[in-house]
Amino acid sequence: MSEPRHRRVAILVVLALAALVMAAPVAAAPGRGLTVTELEPNYMCTVCHEPLNASQSPEAAQERAVIGSLIAQGDTAAQIETAMVAQYGPAVLAVPSASGFNAVLYILPPVVLLAALGSLAVLLPRWRRRGRAAEALAVPGASALDSADAERLEEELARYDG
C-alpha cells in the first residue's frame, strides 16, 4: 500500500512542476499583468483633452479599446506608448516626453528654484549687514523729528493716555 501512495505523490509533484514550467513563460511575457485601468492615467482623450480615466467621450472609449487590444497582444507599457503616439500623436500623452523643447518643462523649475535659493543665500547676509549698520549709526535717544514735530507728538500721545 505504501508504494501506490508514493507513486501518487511522485505523479502529483511531476504534474505540479510541469504546470509551473508551462506557466512560467506566460507570467514572464512582457506586457502581462498590465490593465487598461493601470495605463489610462498616462493618456489623454485627444478630443476633449481630459485624462483618459476621466473622459467619457466616444474617442476615449476608442482609445481604451486600442490600449486593451495592445495589452491582449502582449505589448509592454513602452510599446503601447509608442503605438499610441504613432496613432494619435504626442497630444495623447498625459505627461510630455522629456526630449526636445519639452525638456524645458522638466529642467526649468529646478533651475529657477536653485537660482532663487542662490539669490537668497547671497542677498540675505547683505540685508542683515545693512540692517545692523543702520542700527549702529542710529544714536540712542536721538529723535529724528525736529523739536516742533516732537512736541506735537508728545501732545497727541498725552491726549490718548489721559
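Residues numbered from 1 in each chain as written. Predicted model: local features only at pLDDT ≥ 70, side-chain atom pairs only at ≥ 80, totals over all residues. Heavy atoms only, no water.

A.B. asks: Lay out the overall build of the chain with the relevant residues and their values.
C.D. replies: The helix and strand inventory of the chain stands at six helices and zero strands. Along the chain, helices and strands appear, N-terminal first, in the series α-α-α-α-α-α. By the burial criterion, 17% of the 162 residues in the chain qualify as buried. The long-range share in the chain, meaning contacts at least 24 apart out of those at least 6 apart in sequence, stands at 51%. If you sum the accessible surface of the chain, you get close to 12300 Å²; carbon and sulfur atoms cover 65% of it. (Helix = DSSP H or I, 4+ residues; strand = E, 2+ residues; numbered from the N terminus. Buried < 20%, exposed > 50% of the residue type's maximum accessible area, 1.4 Å probe, protein only. Contact = heavy atoms within 4.5 Å. Areas by Shrake-Rupley, 256 points an atom, 1.4 Å probe, with all protein chains shown as cover.)

A.B. asks: Would you mind going over the nonpolar core in detail, with residue names and values included?
C.D. replies: Ranked by size, the top nonpolar core spans 15 residues in total, and within it Leu-39, Tyr-43, Ile-67, Ile-80 and Met-84 carry the most contacts. When residues in this core are grouped by element, the largest group, five residues, is from helix H3 (residues 58-72). Every residue in contact with Tyr-43, bar those within four places of it in the chain, is listed here: Pro-51, Leu-52, Ile-67, Ala-77, Ile-80, Glu-81, Met-84, Val-92, Leu-93 and Ala-94. (Core = buried A, V, L, I, M, F, W, Y, C linked by side-chain atoms within 4.5 Å.)

A.B. asks: Now, about the side chain of Glu-59: what can you tell me, with residues and values included?
C.D. replies: For Glu-59, the position within the fold is in helix H3. Here Glu-59 occupies a buried position and makes no salt bridge, while the nearest side chain of opposite charge, Arg-64, is found at 10 Å. A distance of 3.4 Å separates polar atoms of two side chains, one belonging to Glu-59 and the other to Thr-46. (Lys, Arg positive; Asp, Glu negative; His and termini not counted. Salt bridge = Lys/Arg side-chain N within 4 Å of Asp/Glu carboxyl O. Polar contact = N/O pair within 3.5 Å; in protein donor to acceptor, adjacent residues only side chain to side chain.)

A.B. asks: Please set out unusual backbone geometry residue by residue, giving values where relevant.
C.D. replies: The backbone phi angle of His-49 is positive, close to 60 degrees, even though this residue is not glycine. In this fold, His-49 is placed in the loop between helix H2 (36-39) and H3.

A.B. asks: Can you explain the confidence of the model for the chain? Please cite residues and give values.
C.D. replies: On average, residues of the chain score 82 in pLDDT, and 81% of them are at 70 or above. Between residues 26-31, whose pLDDT stays under 50, and residues either more than four places distant or in other chains, the model counts eight contacts. (pLDDT = per-residue confidence, 0-100.)

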